[in-house]
Amino acid sequence: MTNTSSIRLYDLDLPVLERLLVRWGADRASARAVWRVIYRDAAVGVDQMTGLAPSLRSRLAAEVPLYVPTVLAREEAPDGETRKDLLEMEDGQRIEVVLLRYRDRRSACVSTQLGCACGCCFCATGQSGLVRQLSSGEIVAQVLHLQRELAARGERLSNLVLMGMGEPLLNYDETIAAIRRLADPRGMGFVQRRMTLSTVGIPPGIRRLAHEDLRIRLAVSLHAATDDLRDELVPINRRHRLDELFAAMREYVVRTGQRIMLEWVLIDEVNDTPQEAQALVDRLDGLAVHVNLIRLNQTQGYTGRASDPAAIDAFSAVLDRVGVPHTLRQRRGGAIAAGCGQLRRRNSPR
Ligand code: SAH
Ligand code: SF4
């Protein structure tokens, strides 16, 4: 195994790369050329940096290597619309990345942590705890892996959701650094509005995000609108009560002028009642949101069942009555356990 303590090329921002290359006697233009090859062409190694002096290429390879994860396994849903790759990181840890194909877009679902400490009862990731944080480079690497695969078929990633393993706002700096790197117009130029960060609802993180100059979308996994119920489903609620969460969301909406997406995984007879829908309506009090109703994907560690259609209709009707916009999210990847938020490290590292 290679040295995991040193910095990888994907971990660097462009200004840092520029300073490094200038220190090595090269110029900023060379740094920008490297950046383009890495992010625009999704290069797998310095060999593809043909415009660069061979000495510079070998120094890069020796001191800030480009680490590209190895694909250990691939599963494709029978309809071909969802694909899941098992990637191995440099320290042997494994992450699954998901590619979702829609008619008009290609979306990547990536992870921000290995595992998660939040312990939401219905979530496969939460059931196994936090293993470690991912570096910004490891987050970026997942996206570039999928982009590379798509480019080989003349396609391009259009959307990104940070909805794989982990809680992005509990790995704040690395997550934001990865977003900025991917969005840099001198490289990949990922459209910020097509990136969605999904959080379990960490109020200090939401406030901080509101003050970044980013135009990404924010999704908050609410699942319940009363503290008692949310305490059960989403244990972090015991630390950050709904009042605090809603105050942070209000600040976010006021500051960014953006609507927040509220995620609500519907669980039969748990949070799918008209009463719970009414509690949500009462809490919103004019807050600009769009509610995403999501069918529960069954996981091994949780006995709850997905809601039946009649319950979903009754829940939706309450939202409709007061004009709260909502959609029932299409279920994707169920056949290969690739629903976002469903990813779990199944094999132990070597
Ligand atoms: N930690 C963040 C992002 C990762 S989870 C968060 O909680 O938002 C991404 C989404 O998948 C969340 O909305 C989460 O509630 C949802 N999810 C988790 N387990 C699920 C399951 N078994 N069925 C359906 N959705 C699930
Ligand atoms: Fe963590 Fe999100 Fe899963 Fe909750 S739903 S355990 S916050 S990954």
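A few points on the structure.

Conventions adopted
Residues numbered from 1 in each chain as written. Chains lettered and ligands numbered in written order. Predicted model: local features only at pLDDT ≥ 70, side-chain atom pairs only at ≥ 80, totals over all residues. Heavy atoms only, no water. Helix = DSSP H or I, 4+ residues; strand = E, 2+ residues; numbered from the N terminus. Rg over C-alpha atoms; globule rule 2.2 N^0.38 Å. Buried < 20%, exposed > 50% of the residue type's maximum accessible area, 1.4 Å probe, protein only. Contact = heavy atoms within 4.5 Å. Areas by Shrake-Rupley, 256 points an atom, 1.4 Å probe, with all protein chains shown as cover. Lys, Arg positive; Asp, Glu negative; His and termini not counted. Charge placed at Lys NZ, Arg CZ, Asp CG, Glu CD. Near = heavy atom within 4 Å. Nonpolar A, V, L, I, M, F, W, Y, C, P; charged D, E, K, R; others polar. Polar contact = N/O pair within 3.5 Å; in protein donor to acceptor, adjacent residues only side chain to side chain. Pairing = 2+ DSSP bridges. Axes fitted to C-alpha atoms, helices over the stretch in contact; angles between N-to-C directions. Parallel < 35°, antiparallel > 145°, perpendicular 65-115°, else oblique. Right-handed = clockwise from strand over helix to strand, strands pointing away.

Notes on the overall build of the chain
1) Next: A count of helices and strands for the chain gives ten helices and twelve strands.
2) Next: The C-alpha atoms of the chain give a radius of gyration of 21 Å, which matches the 20 Å a tight globule of 350 residues would have.
3) Next: Expressed as a percentage of the 350 residues in the chain, the buried residues total 55%.
4) Next: In the chain, of all internal contacts separated by at least 6 residues, the share reaching a separation of at least 24 is 68%.
5) Next: Roughly 15,100 Å² of accessible area belongs to the chain as shown, and the carbon and sulfur atoms make up 48% of that amount.
6) Next: Taking the average location of the 48 positive side-chain charges in the chain and that of its 43 negative ones, the two points are 5 Å from each other.

Description of the environment of Arg 283
1) Next: Examined against the element boundaries, Arg 283 turns out to sit in helix α9 (residues 274–284).
2) Next: For Arg 283, a relative accessible area of 23% translates into the label partly exposed.
3) Next: Along the chain, Arg 283 and Met 165 lie 118 residues apart, while their C-alpha atoms are 28 Å from each other.
4) Next: In this view, Arg 283 contacts Ala 225, Asp 227, Leu 242, Asp 243, Phe 246 and Arg 250; residues no more than four positions away in its chain are not counted.

A look at the site of ligand 2
1) Next: Close to ligand 2 lie Cys 116, Cys 118, Gly 119, Cys 120, Cys 123, Gly 126, Gly 166 and Val 200.
2) Next: Across the shell around ligand 2, the residue classes tally to five nonpolar, three polar and no charged.

Side note on the site of ligand 1
1) Next: Every one of the 20 residues lining ligand 1 counts as a neighbour, but Gly 166, Ser 198, Ser 221, His 223 and Asn 297 are closest to it.
2) Next: In the model, an oxygen atom of ligand 1 is placed 2.8 Å from a nitrogen or oxygen of the His 223 side chain.
3) Next: Taking Asn 297, its main chain carries an N or O atom lying 2.9 Å from a nitrogen atom of ligand 1.
4) Next: Contact with the protein chains hides 95% of the accessible area of ligand 1, taken as 530 Å² for the molecule alone.
5) Next: When contributions to the shell around ligand 1 are tallied by element, the ones reaching two or more residues are β8 (195–199) and β10 (260–266).

A closer look at the environment of Met 261
1) Next: Counting through the fold element by element, Met 261 comes out in strand β10.
2) Next: For Met 261 and His 326, which are 65 residues apart along the polypeptide, the C-alpha to C-alpha distance reads 9.1 Å.
3) Next: For Met 261, the contacting residues outside a window of four places in its chain are Thr 196, Arg 217, Leu 218, Ala 219, Val 220, His 290 and Asn 292.

Observations concerning the pairing of strand β1 (residues 70–76)
1) Next: Both β1 and strand β2 (residues 82–88) contribute to a ladder of six bridges, which runs antiparallel. Among the inter-strand pairings, Val 71 is bridged to a residue of β2, identified as Leu 87.
2) Next: If you look at the hairpin formed by β1 and β2, you'll find five residues sitting between the two strands, and Gly 80 has a positive phi there, around 70°.

Digging into the packing of helix α6 (residues 203–210) against helix α8 (residues 242–256)
1) Next: Closest axis-to-axis distance for the α6/α8 pair is 9 Å, and the angle between their directions is 5°. By the criterion of interaxial angle, the relationship of α6 to α8 is roughly parallel. Contact residues: α6 offers Pro 203, Pro 204, Ile 206, Arg 207, Leu 209 and Ala 210, while α8 offers Glu 244, Leu 245, Ala 247, Ala 248, Met 249, Glu 251, Tyr 252, Arg 255 and Thr 256.
2) Next: Split into classes, the residues belonging to the contact of α6 with α8 amount to ten nonpolar, one polar and four charged.

Here's the deal with the pairing of β8
1) Next: Among the five residues that make up β8, five are buried, leaving the element largely enclosed by the rest of the structure.
2) Next: Residue alternation in β8 divides its side chains into two sets, Met 195, Leu 197 and Thr 199 and Thr 196 and Ser 198, and both sets are buried.
3) Next: Both strand β7 (residues 159–162) and β8 contribute to a ladder of three bridges, which runs parallel. Within the sheet, the bridge partner assigned to Val 161 lies in β8 and is Thr 196.
4) Next: Handedness of the crossover joining β7 and β8 through helix α5 (residues 172–183) is recorded here as right-handed.
5) Next: Two strands pair when backbone bridges link them, and β8 and strand β9 (residues 217–221) are joined in this way by four bridges, in the parallel orientation. Counterpart to Thr 196 in the pairing with β9 is Arg 217.
6) Next: At this point the chain moves from β8, through α6, to the parallel β9, and the crossover so formed is right-handed.

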